[in-house]
Protein chains: 2
Amino acid sequence: MMFGKTLDTTAVSDVLPDWPSGPLDRFRSKASFDWKQMKLLLEGEDVIRFKHKVWSAFEQEPLFARTPWDEPSRDQERQLTYKRLKKLAGFKFVDEEDYIHNPYLVPAFIQSIGQYDWSLCLKRELSTEYFILSAKTGGNHDHQTLIDDLKATRALGAIVITELAHGSDTKMLRTTATFDPATQEFVLDTPDLEATKVWCGVLGQTATHAIVFAQLCTPDGTSHGIHQFLVPIRDPSSLRPFPGLLIGDIGGKIGLNGLDNGFMQFKQYRIPRSALLNKNADMSPEGEYKVRLSRDSNKKFGKMLGILSCGRVFIILKAVANLQSAITISVRYSGVRKQFGPSNDQEWPVLEYQTQQYRLMPYIAASYVLHNFFISIYRDYVDFLIGSFVLDAPHEAEMGAELHIVSSAGKAMCGWITRDAIQESRECCGGHGYLKAARLGDLRNDHDANNTYEGDNHVLLQQTSNFLIKLYKEKTDEGKAIDSPFGSFLFINDVESILQTRVGDSLASLPAVLSAFQFLVCWLLKRSVAKLEELGDKDPFVAKSQAQVYYLRSLSMAFFECDVLQRYSNFLQETTAPENLKQVLTDLGLLYAL
Amino acid sequence: MMFGKTLDTTAVSDVLPDWPSGPLDRFRSKASFDWKQMKLLLEGEDVIRFKHKVWSAFEQEPLFARTPWDEPSRDQERQLTYKRLKKLAGFKFVDEEDYIHNPYLVPAFIQSIGQYDWSLCLKRELSTEYFILSAKTGGNHDHQTLIDDLKATRALGAIVITELAHGSDTKMLRTTATFDPATQEFVLDTPDLEATKVWCGVLGQTATHAIVFAQLCTPDGTSHGIHQFLVPIRDPSSLRPFPGLLIGDIGGKIGLNGLDNGFMQFKQYRIPRSALLNKNADMSPEGEYKVRLSRDSNKKFGKMLGILSCGRVFIILKAVANLQSAITISVRYSGVRKQFGPSNDQEWPVLEYQTQQYRLMPYIAASYVLHNFFISIYRDYVDFLIGSFVLDAPHEAEMGAELHIVSSAGKAMCGWITRDAIQESRECCGGHGYLKAARLGDLRNDHDANNTYEGDNHVLLQQTSNFLIKLYKEKTDEGKAIDSPFGSFLFINDVESILQTRVGDSLASLPAVLSAFQFLVCWLLKRSVAKLEELGDKDPFVAKSQAQVYYLRSLSMAFFECDVLQRYSNFLQETTAPENLKQVLTDLGLLYAL
């Protein structure tokens, strides 16, 4: 939100045409601000132009044509998505230079594809971007030929982690990779049905390569924990799986049916020793397991947390994009739809009703406030990446940990807020909202996955509370000041004085509500720690489970709201926007906060 | 719930076999009660046997076979539903005698079909039952030939009300039926696109007859308001629409795609004078409009409200059925699914986690409490029908009004509670819950319609608050005691003394919570009336809109909860169930209440 260099909208008038005249004119003419200025402030000229470029290209490409009445079968959706993925690789919207010049083009690209079709967006991310990132950072060779193939969609990758019986608890995965020194190979094996790999995107029909998470075993049968293996799985020309693999499609899902999620079983499937991604540990030709010593394992752990936040940061973006789509549909419909009125010749647009406003306005506010939250946490993420990989910054572990804490709660809460916004939008559109063509059903069905994948939301809230408790205890027990490079929990250093302050009578300003939330976070921290001590004679695992409701879970939720408001307040303070825009933004912030 | 004559489960052991042994045994063995006794208490032997008969017939009929992996296209769903409807008409599960003997078999039948497939259930209801009811009560001839055809599915009916621009506000429908004395015909006409009939179930592809709601106009062009016309629309053998009608399918919906919802435009479509359902008004051959004088229009209005409650009463049933389906899936899954644990060799079923219990238990409680709510309001409905049509009871208008008030809020609130229960169930099943085969997506998509059709939920809440305010004012302004034949709002007669009582410290019993809710309803009534007076200088329509949030809407919601608890308390007081069942039921009631 900080790169609205200028608010002169003439500069973007070629890509932001005026609205066509219609029944919404009466509402639009009442606006206290210029929507083009607002857009310029929030997105900046580069992003606006870039999105316009992407969507124009989609509009002109026959393969991307569709109507709201299409009802493709799952097979057709799969084929379309595959063809569009290949076409997408041919468009050259940006090169990597552009991304470095303006990193906001990355989320702009994801959002542009996703608002067109989330299956396509995910298929691209999983098969190409995440796969390349994992291969690059995993070690062993430079994989350049494969990466070139992936970028050109001659090869597609699948990240293969989850098993039928283990999802969130990845340490318990049971697929084995046992080294056989005689042939210098690993033997991948699926011990039983419950260890079948499932849900992996792109695996069902199209992936040619997989990064497989499996227990690495030395020839003596000892397991050394989960490691990653880069494995060819299908012939790239025929897309037939190689012998020794049982691969299939997991079938219809609630949404995202353009994406081929699959399952896989290994039957003594042999891969070369070099398939192990050996950055952190390696296997000698003799079958000896060797951990690579790290300079600083704590630092490495923090850094890893930061890198793993990537998926969650982008789910926050996806949630915000879905929120914006849903609320746009329902607010516009509410402006057009008339029903009842003081007299028969004077029907009201349903948007004029208090109830309809009460149902929709908070989500309009959320779409602004959470957009800022994403922009802000994405900036932190970019700073972390630069700090970590380019500058070797001193705080990279703390940056990584902070990103982990904020993005865990953020992903969960943004996912839920959007879920509720889509549902309210669907109901606000009455019967017409139940039509497939209204798109709210598809939005809901596609968005739904965000609440359970990349970490189940409830498990993620536990991550946030675990880390907050740890920091708090380090401070209170060891007197260690809390390091918060991005400022999200600096205020916890003042926990005692915050708990002494009483919130004033009025909550009619953003700073007042923010103070109230800071108080709440501190209070819940203290109460949670006390609750955990009260349960101290139990196993820590049991104690943590029994302190979720009213304590740890509430703590994570309050922390999220607090952080969202903090980031929004910062934005309002720093922005040089014209006063009328600032007023609207302040009102929206306060409405969201309350 | 009152007909559990005996709790000797040996009597139903042939239709209630024991559970097969499996991973849920460890939970089932801990139960403090016998589930068969509970079932017998809540449903009674007749209903249990009847459902078993229906489902056994479905299991044995190849046309009803299906798997959780089926993904039929919309066309295939339509064809299957049509064929199954015809097959269903051939099964003779009950005759009308049985229904009179035990009226609970009616909802049992609806639930049995619906839990198999809601599209089939709705198609049957709309095309046959509601249609026959409307034709029978509408007047003009006895329609016996048509009714016989409908029962044998040689003909299918569609109730055609909603237009593109008017749904909830039926008074504003704009389709016209103008009488032409020259030919003794009505001419049906659609004045413009916005007056196109839409959404009507069964109309899209299969209805042969329609009951059309249209403005009746005399030859001089005067409109006499909305009347119903029984109109043939398709040739029964070819299913081709007759000339003068433009009929089509409205396309894909979020769910219920086995049901063919359609649209229709009339182009000077001529129907005989006798097509007018003339119970309340008629047209003379000379073109003179004549209202039939009613003995007591107030009484007639109350009676009509009661009859119209039918659709809502059954949506409450449908919501409860969906709630039961969803919670059964998620609780069983949570008992089987293990993830994490105090140590690696001791993984916990996720049902053991506090958070999972916190998420699911309230909905288990709701499934019991709302089941009782349905049983209770259905009993009232049956009493009303008998009182109204058989006995000509003195209170039939008040009974009708009370049913209207209770079923309006009940339909809205049960719809929402089930919506939330399905969503929580879906998320509680993690990734596996996102599979189509898990059924939670289809449940959600099918149930979704319940929140906007048969009266949008928010509009229905207004119905409840409007009537409550009216009764309250009649009492306070005119000193008229509130007549509540079913006892739902008798307590409002004591409004002043209730507002004087202070709720005790403890809310740990059902009577205490019920008193608190009665207080809340009284308080909201008083506050709402004050708010409306405060807004008194505005148009009453505007005032009502501006008093929704925090006042009228909250009033309806609190009234619903109060009534639900009242009915549940009555049940607990009256039941002769064994003490261990009663204890569980009391706990569930209290959990729901809090």
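For the structure, check the block above.
Residues numbered from 1 in each chain as written. Chains lettered and ligands numbered in written order. Predicted model: local features only at pLDDT ≥ 70, side-chain atom pairs only at ≥ 80, totals over all residues. Heavy atoms only, no water.

Peer 1: Requested: an account of the overall build of chain A, with residues and values cited.
Peer 2: Across its full length, chain A holds 17 helices and eleven strands. A globule of 594 residues ought to have a C-alpha radius of gyration of about 25 Å, and chain A, at 26 Å, matches this closely. Of all 594 residues assigned to chain A, the portion counted as buried reaches 56%. Taking the intrachain contacts of chain A between residues at least 6 apart in sequence as the baseline, contacts between residues at least 24 apart amount to 73%. Just so you have it, chain A exposes about 25100 Å², and 54% of that area is on carbon and sulfur atoms. Across chain A, 64 positive and 72 negative side-chain charges occur, with their mean positions spaced 2 Å apart. (Helix = DSSP H or I, 4+ residues; strand = E, 2+ residues; numbered from the N terminus. Rg over C-alpha atoms; globule rule 2.2 N^0.38 Å. Buried < 20%, exposed > 50% of the residue type's maximum accessible area, 1.4 Å probe, protein only. Contact = heavy atoms within 4.5 Å. Areas by Shrake-Rupley, 256 points an atom, 1.4 Å probe, with all protein chains shown as cover. Lys, Arg positive; Asp, Glu negative; His and termini not counted. Charge placed at Lys NZ, Arg CZ, Asp CG, Glu CD.)

Peer 1: Break down the sheet that holds strand 7 (residues 245–249) of chain B for me, with residues and values.
Peer 2: Two pairing modes exist for strands in a sheet, parallel and antiparallel, and in both the strands are linked by backbone hydrogen bonds. All names here are of chain B. Here three strands make up an open sheet; going across it, the order is 4-8-7 and the pairing antiparallel. The open sheet terminates on both sides in strands that have one partner only, identified here as strand 4 (197–201) and strand 7. With strand direction ignored, the average angle separating the axes of adjacent strands in the sheet is 30°. Across three bridges, the pairing between strand 4 and strand 8 (residues 261–266) is antiparallel. The residue of strand 8 that forms the bridge with C200 is G262. (Pairing = 2+ DSSP bridges. Axes fitted to C-alpha atoms, helices over the stretch in contact; angles between N-to-C directions.)

Peer 1: Which residues make up the interface of chain A and chain B, and what values do they have?
Peer 2: Each partner contributes to the interface: chain A provides 65 residues, whereas chain B provides 65 residues. Buried surface at the junction of chain A and chain B, summed over both partners, amounts to about 5800 Å²; 54% is from carbon and sulfur atoms. The three residues of chain A that bury the most area against chain B are Q354, Y434 and F541 of chain A, which together make up 13% of that side's buried surface. For the interface between chain A and chain B, the tally reads eight salt bridges. Here R426 of chain A ties to D448 of chain B by a salt bridge, and the two come within 2.6 Å at their closest N and O atoms. Listed by contribution, the elements that provide at least two residues to the side of chain A that touches chain B are helix 9 (354–391), helix 10 (396–428), helix 11 (440–447), helix 12 (457–478), helix 15 (540–546) and helix 16 (548–574) of chain A. Sorting elements by how many residues they give to the side of chain A that touches chain B places helix 10 of chain A first, with six residues. (Buried area = accessible area lost by both parts, 1.4 Å probe. Salt bridge = Lys/Arg side-chain N within 4 Å of Asp/Glu carboxyl O.)

Peer 1: I'd love a proper account of the packing of aromatic side chains, names of residues and values included.
Peer 2: Residue and element names in this part refer to chain B. Inspection of the entire model under this criterion finds 46 aromatic pairs over all chains. Ring plane angle 70° and centroid distance 5.0 Å describe the contact between F186 and F229, whose orientation is recorded as edge-to-face. Of the two residues, F186 is situated in strand 3 (residues 185–189) and F229 in strand 6 (residues 223–232); the sequence distance between them amounts to 43 residues. According to the relative accessible area criterion, F186 is buried, its value standing at 0%. With a centroid separation of 5.5 Å and 25° between ring planes, the pair formed by F374 and Y378 is classed as stacked. With a gap of four residues between them, F374 and Y378 both fall in helix 9 (residues 354–391), about one helical turn apart. (Phe/Tyr/Trp six-rings, centres within 6.5 Å; stacked < 30°, edge-to-face > 60°.)

Peer 1: Quick one: what's the story with the sheet that holds strand 4 (residues 197–201) of chain A, residue by residue and with numbers?
Peer 2: Residue and element names in this part refer to chain A. Here three strands make up an open sheet; going across it, the order is 4-8-7 and the pairing antiparallel. The open sheet has two edge strands with one neighbour each: strand 4 and strand 7 (245–249). Neighbour-to-neighbour, the strand axes of this sheet turn through a mean angle of 30°, independent of strand direction.

Peer 1: Run through the relation of the copies chain A and chain B, naming residues and quoting values.
Peer 2: When chain A is fitted to chain B, the residual RMSD is 0.0 Å, and the transformation amounts to a turn of 180° plus an axial shift of 0.0 Å. Overall, the copies show the geometry of a two-fold rotation axis. Closest approach to the rotation axis within chain A is made by the C-alpha atom of S73 of chain A, at a distance of 3.4 Å. With an isologous cut-off of 70% or more, the 100% of interface residues of chain A that recur at the interface of chain B puts this contact in the isologous class. (Least-squares fit on C-alpha atoms with pLDDT ≥ 70 in both.)

Peer 1: Give a detailed account of the environment of P578 of chain B, specifying residues and quantitative values.
Peer 2: Residue and element names in this part refer to chain B. With respect to the element layout, P578 can be found in the loop between helix 16 (548–574) and helix 17 (579–593). Residue class for P578 comes out partly exposed when judged on its relative accessible area of 28%. Here the alpha-carbon distance between P578 and L499, two residues 79 residues apart in the chain, equals 37 Å. Setting aside chain neighbours within four positions, we find P578 in contact with L7 and Q37.

Peer 1: I'd like to hear about the packing of helix 8 (residues 297–336) of chain A against helix 9 of chain A, residue by residue, with values.
Peer 2: All names here are of chain A. Where helix 8 contacts helix 9, the axes come no closer than 8 Å and their chain directions differ by 155°. Viewed along their axes, helix 8 and helix 9 adopt a mutual orientation that is roughly antiparallel. By crossing handedness, the relation of helix 8 to helix 9 is classed as left-handed. For the contact of helix 8 with helix 9, the class distribution of residues is 22 nonpolar, eight polar and one charged. (Parallel < 35°, antiparallel > 145°, perpendicular 65-115°, else oblique. Left-handed = near helix turned anticlockwise from the far one by under 90°. Nonpolar A, V, L, I, M, F, W, Y, C, P; charged D, E, K, R; others polar.)

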